Amino acid sequence: QVQLVESGGGLVQAGGSLRLSCAASGRTFRMYAMGWFRQAPGKEREFVAAISWSGGSTTYADSVKGRFTISRDNAKNTVYLQMNSLKPEDTAVYYCAADFGGTATMTLGEYDYWGQGTQVTVSS
């Protein structure tokens, strides 16, 4: 039903910025809450940020509050993650996910569809 295609990952120096994009297929994008998760080598996937279908509610992990901003453009079927003041500990594979009928939950198991992941590497 839903295909998620990510872009924007790459290599950046500490203190720099990146913007990740996740384009969703289908005509029901507005019905999905969207989230970003990340996974570093040897660690479990962890929550980063989420946004409700309307864009009126957002949730962030404590580790990224004040540095990352999630947003969405329903006309483009796209969700974004603006990452500023990046730190080496932000290095991970970042995944976007879609939760039908969700409300910006941080619970991984609530999400129905997942992107392929994109590598973000922050050098010191």
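Here is a short report on the structure shown in this document.

Parameters at a glance
Residues numbered from 1 in each chain as written. Predicted model: local features only at pLDDT ≥ 70, side-chain atom pairs only at ≥ 80, totals over all residues. Heavy atoms only, no water. Buried < 20%, exposed > 50% of the residue type's maximum accessible area, 1.4 Å probe, protein only. Helix = DSSP H or I, 4+ residues; strand = E, 2+ residues; numbered from the N terminus. Pairing = 2+ DSSP bridges.

Here strand E4 (residues 32-39) lies mainly inside the structure; seven of its eight residues are buried. As paired strands, E4 and strand E9 (residues 92-100) are joined by eight bridges and run antiparallel to one another. Among the inter-strand pairings, Gln39 is bridged to a residue of E9, identified as Val93. Following E4, the chain reverses through six residues before pairing antiparallel with strand E5 (residues 46-51); Gly42 in that reversal takes a positive phi of roughly 75°.

So, on to the pairing of strand E8 (residues 78-83). Here E8 lies mainly inside the structure; five of its six residues are buried. Where strand E3 (residues 18-24) meets E8, six bridges bridge the pair, whose relative direction is antiparallel. Across the sheet, residue Leu18 finds its bridge partner in E8, namely Met83. Bridging between strand E7 (residues 68-73) and E8 involves six bridges; their strand directions are antiparallel. Note on E8: the bridge partner recorded for Asp73 is Thr78. Linking two consecutive strands that pair antiparallel, namely E7 and E8, is a turn of four residues; a positive phi of about 55° is found at Asn77 within it.

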